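Each chain is listed here by its residues.
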Amino acid sequence: MTVQNALESAVQAASRAVLAESERWGLWAPVLLGAGILFYFSLPEEPGLAPALAGALLLAAAQRMARTKPLLRYALMAAFCVALGFAAAAARTALIWHEPLKRDISYALLEGEVLAVTNTGEGRFRADVRPAELERARHPLKAVRLTYYGAAGDAQPGDLIRVPVKLWPNSTPALPGGFDYGRHLWFEGIGAGGVMMGTPEKLGGADGLFAALRRGLHDIQSAISLRVLNAMEAEPGAVAVALMTGERSFIPQETQDALRASGLAHVLAISGLHMALLTGALFGGLRLLIACLPGLALRYPVKKWAAALALAGAGAYLVISGMSVATQRAFVMVGLVLLAVMLDRPAITMRNVALAACLILLLTPESLLSAGFQMSFAAVMALVAAYETRAAQINSLLADWRARGPLQLLALYTAGLLLTSFVAGLATAPFAAFHFNRVAAYGLAGNLLAMPLVAFLIMPFAVLAFALMPFGLEAAPLFVMELGLKGLLWAAGLVSSWPGSATAIPAAPPAILLLLTFGGIWLCLWKGNIRHAGLVPIAAAIVLWGTALRPDVLISDNGRLIAVRMADGTLSLNDARARFDASLWLRSEGDLADPRQRAGRGWRCDGLACLYGEAEGPRIAQISDPRALSEDCLWADILILKEEAGRGINRETCPAPLLITYRDLQRKGAHALYRQGKGQGEGVSGWRMATVAGAQGNRPWVPRWPLRRE
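Residues numbered from 1 in each chain as written. Predicted model: local features only at pLDDT ≥ 70, side-chain atom pairs only at ≥ 80, totals over all residues. Heavy atoms only, no water.

**As for the sheet that holds strand β16 (residues 658-660)**
Strand order in this open sheet of five strands is β12-β13-β14-β15-β16, and the pairing throughout is mixed. Here the strands that pair on one side only, and so sit at the sheet edges, are β12 (603-605) and β16. Across the sheet, the mean angle from the axis of one strand to that of its neighbour is 15 degrees, orientation sign disregarded. For strand β14 (residues 620-623) and strand β15 (residues 638-641), the ladder comprises four bridges, and the chain directions are parallel. Bridged to Gln-622 within β15 is Ile-640. (Pairing = 2+ DSSP bridges. Helix = DSSP H or I, 4+ residues; strand = E, 2+ residues; numbered from the N terminus. Axes fitted to C-alpha atoms, helices over the stretch in contact; angles between N-to-C directions.)

Shown next, in the form of structure tokens:
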């Protein structure tokens, strides 16, 4: 048999296997929606909304007309889902469109309504303010995020305030292809960041229902936090506040690091786990309570009543915990499960997972790009797929659970917890490595120790504390919850102390994550042997991850921070004072070292310039004073001009092979340079150049690079 014949046979066999699972084709709808959304966000220019909607409508009409041709109709339906995802993303952008700040404003007087206040710790607060009047702004801003130092009562949601501020555009990625926090802020309605330059003057309270609701919610959250902190010791109390109200500012950084290194950081993010445990406790508790009343339990559909009340409780938890995007997503997923119970439909199915994904993608298409969305659905999809694959064995083990002894039940629970943690951890690990450049090596052990406490002591008694708090009777459940939290923190401290608990992973291009994700989805959505083909792209992605190109030189958007790849493969920084950008650069390399450990190697700096010139490496000059130009323009292969040294200098007056001016950096953002032939981008004098502006394109959330201060 020739290679061509073998390939044809393989394709025909795969086609027959896919056709045999036609009942699962609908599960690919959210995947196709996601493909359209990704295509939208990958464009360099903003597409028109009208053509996007027209394309989706035309494809919808075409697939309706192709009823007599099944294969053509299915192909058109798939194309429609892609077009619908694209149109949903375009419509979402058009609906919330607002113009972000384009230039720094060094001083201005702002009047506006406080929308939200967050305590970030150590006397520092963050307030989202909707400006009514803003001096020196060339266009209205939808909202600004301001940091200030003061007291908790200086600004409250619903207050009208007047305060002097300093504003700047939303942040841009620290390196080309990096996480775009400015895009995340833009979709939250934030058009600029800044600081308050004084104590805000209160002008009164905003009118209207929404302002009153914001004030009321803030008061409830503050009251809950105060009661919890007064009832518990500091560290477990801080974690309890995070679980009950979403406020993490009270948690010490050391505790957060320990939870992250032990694989338990997900406990702090109110998401599917918390919603499932809370609604499960409510649903089970209500059914048990109603079962004590035979007159009700035997005559009425109390299971549906319990599901409805649990859904109401989940909605209350959503509101009290701050309604973060992750919590909203979890509420949708839990709501569909409870709705299935009320409608006498199977609750935990891949169809419900797909339906939840479709709803979230259509309502908030930008969530597809978030780590929370990716990790949540990866874990849920993998768990449901594992259950579907082994449903018969699992059901047979659980069928006679009443006849089993305590030790057998404990063994079953431990095995189920171990399997759940392993499957969820395996499914989310690639996304944790991609977004955070680290994985918890002993996360399985950490979850095995901590999750029984979360499931039996922490979340159920948090529900009871919520219920008893209006009557002032929350002390007892909070005491039990505190015991569970102390055990959780002990487990986190133990596991994080083990050698190599946090393993650093270098960054990979998005295409590699897409390949790996496609393989995982293929593995989960099909049931037959065809699903094993998903292992091929997964294996290919793992191999390619380690071969991804790394930049040889990185330059920050103000020219103050530069990193050069040395002969040993590590980055050498010219300065460690820009700690945030330096940490992000090192993290993208899979390097967890402190920036100060990577600073100064091979660099010679004085008041005029910083020079780098190791053997076989590029000669780089960072100019701080124009007096250094006459000599360094002739010496350097790459010459970078800081703001104070860049005026009046251009490529004609400075013969350096590669000249990067302060104006270039402000227009294009951070630069990544690759030796010719390694990377993609603009080719200049033996180097390939990639920039943040080139990666971002001209989109509504991208601020035009500031050329001067206002």
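Resuming the write-up.
**Focus on the packing of aromatic side chains**
Summed over the entire model, instances satisfying the criterion amount to 21 aromatic pairs. Considering the side-chain rings of Tyr-300 and Trp-305, the 5.5 Å spacing of their centres and the 25 degrees angle between planes classify their relative orientation as stacked. Since its relative accessible area comes to 43%, Tyr-300 is described here as partly exposed. In textbook terms, an aromatic cluster arises when at least three aromatic residues are bridged by ring pairs, as seen for Phe-39, Tyr-40, Phe-41, Phe-86, Trp-186, Phe-187 and Trp-701. One Lys or Arg, Arg-699, reaches over the ring of Tyr-40 and ends 4.6 Å from the middle of that ring. (Phe/Tyr/Trp six-rings, centres within 6.5 Å; stacked < 30°, edge-to-face > 60°. Buried < 20%, exposed > 50% of the residue type's maximum accessible area, 1.4 Å probe, protein only. Lys NZ or Arg CZ within 6 Å of the ring centre and 35° of its normal.)

**Remarks on unusual backbone geometry**
Positioned with a positive phi, Asp-344 is a non-glycine residue whose angle comes to about 60 degrees. Looking at the secondary structure, you find Asp-344 in the loop between α12 (325-342) and α13 (350-363). What makes Asp-344 exposed here is its relative accessible area of 58%. Of note in this structure, Asn-437 is not a glycine but carries a positive phi near 60 degrees. Within the fold, Asn-437 resides in the loop between α16 (406-436) and β7 (438-440).

**Observations concerning the state of the cysteines**
By the definition in use, this model includes one disulfide. The partner cysteine of Cys-605 in its disulfide is Cys-610, sulfur to sulfur 1.9 Å. The chirality of the disulfide connecting Cys-605 with Cys-610 is right-handed, given an S-S dihedral of about 115 degrees. Overall, the relative accessible area of 44% leaves Cys-605 in the partly exposed class. With no disulfide of its own, Cys-81 has Cys-358 as its nearest cysteine by sulfur position, at a separation of 7.3 Å. Classification of Cys-81 by relative accessible area gives buried; the value is 17%. (Disulfide = S-S within 2.5 Å.)

**Re the packing of helix α9 (residues 272-291) against α12**
Between α9 and α12, the shortest axis-to-axis distance is 8 Å and the interhelical angle comes to 35 degrees. For the crossing formed where α9 meets α12, the hand is right-handed. In contact with Gly-272, Met-275, Ala-276, Thr-279 and Phe-283 of α9, α12 contributes Thr-327, Ala-330, Phe-331, Val-334, Leu-338 and Val-341. When its residues are assigned to classes, the contact of α9 with α12 shows eight nonpolar, three polar and no charged. (Left-handed = near helix turned anticlockwise from the far one by under 90°. Contact = heavy atoms within 4.5 Å. Nonpolar A, V, L, I, M, F, W, Y, C, P; charged D, E, K, R; others polar.)

**A few points about the pattern of salt bridges**
All chains considered together, the criterion is met by 22 salt bridges. Among the salt bridges present, the one from Glu-482 reaches Lys-486, with a minimum N-O distance of 4.0 Å. Separated by four residues within a single helix, Glu-482 and Lys-486 lie in helix α18 (residues 475-496), roughly one turn from each other. One network of salt bridges, with partners in common, ties together Glu-111, Arg-162 and Glu-201. (Salt bridge = Lys/Arg side-chain N within 4 Å of Asp/Glu carboxyl O.)

**Observations regarding the pairing of strand β2 (residues 124-134)**
Sheet topology note: the strand β1 (residues 105-121)/β2 ladder contains ten bridges and is antiparallel. Bridged to Thr-118 within β2 is Arg-126. Here β1 folds back onto β2, and the loop between the two strands holds two residues, one of which, Glu-122, carries a positive phi near 55 degrees. Sheet topology places β2 next to strand β3 (residues 144-149); six bridges connect them, and they run antiparallel. Residue Arg-124 lies in a different strand from β3, and its bridge partner there is Tyr-149.

**Some thoughts on the packing of α9 against helix α11 (residues 302-320)**
Across the interface, α9 lies against α11 with an axial gap of 8 Å and an inter-helix angle of 140 degrees. Here the hand of the crossing between α9 and α11 comes out right-handed. In this structure, α9 uses His-274, Met-275, Leu-278, Thr-279, Leu-282, Phe-283, Leu-286, Arg-287 and Ile-290 to contact α11, whose residues at the interface are Val-302, Lys-303, Ala-306, Ala-307, Leu-309, Ala-310, Gly-313, Ala-314, Tyr-317 and Leu-318.

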